[in-house]
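Per-entry structural report
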Amino acid sequence: MFEIVFFRPEIPPNTGNAMRLAAVTGSRLHLIEPLGFEMDDARLRRAGMDYRDKASVTVYPDLETWRDRVRPERVYAFTVDGEHLHTDVGYRPGDALLFGPESVGLPEEVKRSDWLTDRLRLPMLPGVRSLNLSNSAAVAVYEAWRQMGFDGSR
């Protein structure tokens, strides 16, 4: 369905929640190192619970390796300073949805990469920094899936 990409995630429960998200939507989760935790972290296991064996999760040493192996046609970077809303896009199966680390978001060099299709943002009220990483991913994936008519769901 979709490629969920966490660039240098720091908080285990967010990644565990993203494992659940990947499992229930038929998406794949890609983690770009360095990770702020070990993959056997108890907090990661608790958040992912029994979904780890149902989720497709792959770890890559860097973005270049991920791009070389996955070869996504379109990559959308989610950032608070995105140029368009996440609902302005016509998503397609296989689109990659890229999210940055919880504490700082995507670095400028990634946000300015020429291989990005677009930079998107989720609407928020003024005066707040950002939405939780796993919540942001869920909002984005479900909007993309909604546009596909929730294909494959029950």
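Worth saying up front: this structure is predicted, and the values here are computed from it rather than measured. (Residues numbered from 1 in each chain as written. Predicted model: local features only at pLDDT ≥ 70, side-chain atom pairs only at ≥ 80, totals over all residues. Heavy atoms only, no water.)

**Brief notes about the packing of aromatic side chains**
On inspection of all chains with the given rule, the structure shows six aromatic pairs. Between Phe78 and Phe99, the ring centres sit 4.8 Å apart and the planes meet at 15°, which makes this aromatic pair stacked. With Phe78 in strand 4 (residues 75-78) and Phe99 in strand 6 (residues 96-99), this pair connects stretches of sequence that are 21 residues apart. Under the relative-accessibility criterion, Phe99 is labelled buried at 3%. Here the aromatic rings of Tyr142 and Phe150 are separated by 6.5 Å at their centres, their planes lie at 50°, and the arrangement is tilted. Classification of Phe150 as partly exposed rests on a relative accessible area of 33%. (Phe/Tyr/Trp six-rings, centres within 6.5 Å; stacked < 30°, edge-to-face > 60°. Helix = DSSP H or I, 4+ residues; strand = E, 2+ residues; numbered from the N terminus. Buried < 20%, exposed > 50% of the residue type's maximum accessible area, 1.4 Å probe, protein only.)

**Some points on the pairing of strand 4**
Side chains Val75 and Ala77 project from strand 4 onto one buried face, and the interleaved Tyr76 and Phe78 project onto a second face that is buried too. Both strand 4 and strand 6 contribute to a ladder of four bridges, which runs parallel. Paired with Val75 across the strands is Ala96, a residue of strand 6. Of the pairings in the sheet, the one linking strand 4 to strand 7 (residues 118-121) comprises three bridges and is parallel in character. Looking across to strand 7, one finds that Phe78 is bridged to Leu120. (Pairing = 2+ DSSP bridges.)

**Considering the nonpolar core**
Proteins that are soluble and globular tend to have nonpolar side chains buried together. Within the largest apolar cluster, 27 residues are counted, with the highest numbers of intra-cluster contacts made by Ile4, Phe6, Leu29, Phe78, Tyr91, Leu97 and Phe99. Among the elements of the structure, strand 1 (3-7), helix 1 (12-25), strand 2 (28-32), strand 4, strand 6 and helix 5 (133-147) are those that each provide at least two residues to this core. At six residues, helix 5 tops the list of elements feeding residues into this core. Aside from chain neighbours lying at most four places away, what touches Leu29 is Ile4, Phe6, Thr15, Ala18, Met19, Ala22, Ser56, Val57 and Thr58. Core analysis: the next-biggest nonpolar cluster, separate from the first, contains 14 residues, Phe7, Leu63, Leu106 and Leu116 among them. (Core = buried A, V, L, I, M, F, W, Y, C linked by side-chain atoms within 4.5 Å. Contact = heavy atoms within 4.5 Å.)

**A few points about the sheet that holds strand 1**
Strand order in this open sheet of seven strands is 3-2-1-6-4-7-5, and the pairing throughout is parallel. Taken across any chain shown, the strands that pair with only one partner, and hence form the sheet edges, are strand 3 (56-60) and strand 5 (84-85). Relative to strand 2, strand 1 runs parallel, the two sharing five bridges. Residue pairing for strand 2: Ile4 is matched across the bridge by Leu29. In the packing of helix 3 (residues 63-70) onto the sheet, contacts are made with strand 1, strand 2, strand 3, strand 4 and strand 6, and the angle to strand 2 comes to roughly 150°. Against the sheet, helix 5 touches strand 1, strand 4 and strand 6, its axis set at about 160° to strand 6. (Axes fitted to C-alpha atoms, helices over the stretch in contact; angles between N-to-C directions.)

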